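Commentary on secondary and tertiary structure
The lines below spell out each chain.
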Amino acid sequence: MNVKKLAGEKAVEFVKEGMIIGLGTGSTAYWTVQKLGELVKNGLNIKGIPTSKSTEKLALEMNIPLVSFSDVNHIDITIDGADEINPTLDLIKGGGGALLREKIVAFASKKLVVVADESKCVKKLGSFPLPVEITPFGYEVTKREIQKLKCHTKLRKINKNEAFITDNRNYILDCYFESIIDPLHLHTKLNLIPGVVENGLFVNMTDQVIIGYNDGKVKVLDK
Ligand code: 5RP
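Attention shifts here to the pattern of salt bridges. In this structure the tally under the stated criterion is 11 salt bridges. In this structure, Lys-57 and Glu-61 form a salt bridge, with 3.2 Å as the shortest nitrogen-oxygen distance. A residue pair is termed a helical-turn pair when its members lie 3 or 4 positions apart in one helix, as Lys-57 and Glu-61 do in helix 3 (residues 53-61) at four residues. For the salt bridge of Lys-217 with Asp-215, the shortest nitrogen-to-oxygen distance reads 3.6 Å. Each member of the pair, Lys-217 together with Asp-215, is exposed.

So, in structure tokens, the structure goes:
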């Protein structure tokens, strides 16, 4: 059973005619975009704003009309995946490296709906390494300052010698904390460090979470 598909497809129930929709990134949001494509084919009128180049490509393949922030000043709903979800619906995102665009799109949205399989639900954030997007210039300085927050870091790579480059031409530093006790505090600390562009903590942003369970059930959790 494809649990990600169950959750991803369920999310389109939140979509209404005429909406501007933030299109998430990853293997769960993929199913949302696929389903939206089907609905568009059958006459639904929506417009999308993708959170990554890969989602943009997928949306174009599905003939979903796209807009940018120069065309619209709000988004009705964003549907996106997550790497970890705690009981207050705070998130770690950025496993796919799209966290900056994902956060901008979520921030501009009236509503953020997260789609995930049950493995993403945790009591405390931090088992998944926290992705932090940083500028390549001076990244050693930025890295050392982040390490002072009591984590060890790994520069994300695509192979032994090449760094992963985000859609915004930055690096990702994956940060291993023992656990993240106060996500808002850590988020604020990280974003004050020069060279940090954004971090993968999404605090007080999520409105609803749709969880797919291995037994085939799907639940909607409200804030
Ligand atoms: C990409 C993300 C994804 O939403 C997150 O990694 C979850 O992905 P998946 O649905 O493939 O498990 O934050 O930057």
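To continue, consider helix 2 (residues 29-41). Its 13 residues place the ends of helix 2 18 Å apart at the C-alpha level, agreeing with the 18 Å of an ideal helix rising 1.5 Å per residue. For helix 2, the set of buried residues is Ala-29, Thr-32, Val-33, Gln-34, Leu-36, Gly-37 and Val-40. Looking at the buried residues of helix 2, the elements they touch are helix 1 (3-10), strand 1 (20-23), helix 3, strand 3 (77-80) and strand 6 (112-117). Phi turns positive one or two residues past the end of helix 2, at Gly-43, with a value near 110°.

The strand order across the open sheet built from six strands is 2-1-3-6-12-13, with neighbouring strands paired in mixed fashion. In this open sheet, the two edge strands, each paired with only one partner strand, are strand 2 (47-50) and strand 13 (218-222). For this sheet, the mean angle separating the axes of adjacent strands, direction not counted, is 20°. Sheet analysis places strand 1 next to strand 2, joined by four bridges and oriented parallel. Pairing of Gly-22 across the sheet is with Ile-49, part of strand 2.

For the protein chain, the assigned domains are domain 1 (3-120 + 203-222) and domain 2 (130-200). Spacing between the C-alpha centres of domain 1 and domain 2 amounts to 24 Å. Of the roughly 1300 Å² buried where domain 1 meets domain 2, counting both sides, 59% is carbon and sulfur surface. For the domain 1 face of the interface with domain 2, the top three residues by lost area are Leu-99, Leu-100 and Lys-103, together amounting to 39%. Between Glu-198 and Lys-103 there is a salt bridge whose closest N-O contact spans 2.9 Å.

Take the site of the ligand next. The environment of the ligand is formed by 17 residues, the closest being Ser-27, Thr-28, Asp-83, Gly-94 and Lys-120. In the environment of the ligand, an oxygen atom lies 3.0 Å from a nitrogen or oxygen atom belonging to the side chain of Lys-4. In this structure, an oxygen atom belonging to the ligand sits 3.1 Å away from a main-chain N or O atom of Ala-98. Alone, the ligand offers 380 Å² of accessible surface; in the complex the protein occludes 92% of this. Classifying every residue of the shell around the ligand by side-chain character gives two nonpolar, nine polar and six charged.

What follows deals with the nonpolar core. Judged by nonpolar contacts, the single largest core of 21 residues is most densely connected at Leu-130, Val-132, Ile-134, Ile-146, Cys-175 and Leu-201. At the level of secondary structure, the elements contributing two or more residues to this core comprise strand 7 (130-134), helix 5 (139-147), strand 9 (171-177) and helix 6 (183-191). Element by element, the count of residues in this core is highest for strand 9, at four residues. Once residues within four sequence positions are removed from consideration, Cys-175 is found in contact with Pro-129, Leu-130, Val-132, Ile-146, Cys-151, His-152 and Thr-153. Membership of the second largest hydrophobic core comes to 20 residues, among which are Met-19, Val-33, Ile-64 and Ile-77.

Looking now at the pairing of strand 1. Looking along a regular strand, one sees side chains alternate from face to face of the sheet. Burial along strand 1 is two-sided: the residues Ile-20 and Gly-22 and Ile-21 and Leu-23 are all buried. Tracing the backbone out of strand 1, into helix 2 and back to the parallel element strand 2 gives a crossover that is right-handed. As judged from the three bridges shared by strand 1 and strand 3, these two strands associate in the parallel manner. Bridging from a neighbouring strand, Gly-22 pairs with Thr-78 of strand 3.

Definitions and limits used
Residues numbered from 1 in each chain as written. Predicted model: local features only at pLDDT ≥ 70, side-chain atom pairs only at ≥ 80, totals over all residues. Heavy atoms only, no water. Salt bridge = Lys/Arg side-chain N within 4 Å of Asp/Glu carboxyl O. Helix = DSSP H or I, 4+ residues; strand = E, 2+ residues; numbered from the N terminus. Buried < 20%, exposed > 50% of the residue type's maximum accessible area, 1.4 Å probe, protein only. Expected span 1.5 Å × (residues − 1). Contact = heavy atoms within 4.5 Å. Pairing = 2+ DSSP bridges. Axes fitted to C-alpha atoms, helices over the stretch in contact; angles between N-to-C directions. Domains from an automatic or database assignment. Buried area = accessible area lost by both parts, 1.4 Å probe. Near = heavy atom within 4 Å. Polar contact = N/O pair within 3.5 Å; in protein donor to acceptor, adjacent residues only side chain to side chain. Areas by Shrake-Rupley, 256 points an atom, 1.4 Å probe, with all protein chains shown as cover. Nonpolar A, V, L, I, M, F, W, Y, C, P; charged D, E, K, R; others polar. Core = buried A, V, L, I, M, F, W, Y, C linked by side-chain atoms within 4.5 Å. Right-handed = clockwise from strand over helix to strand, strands pointing away.

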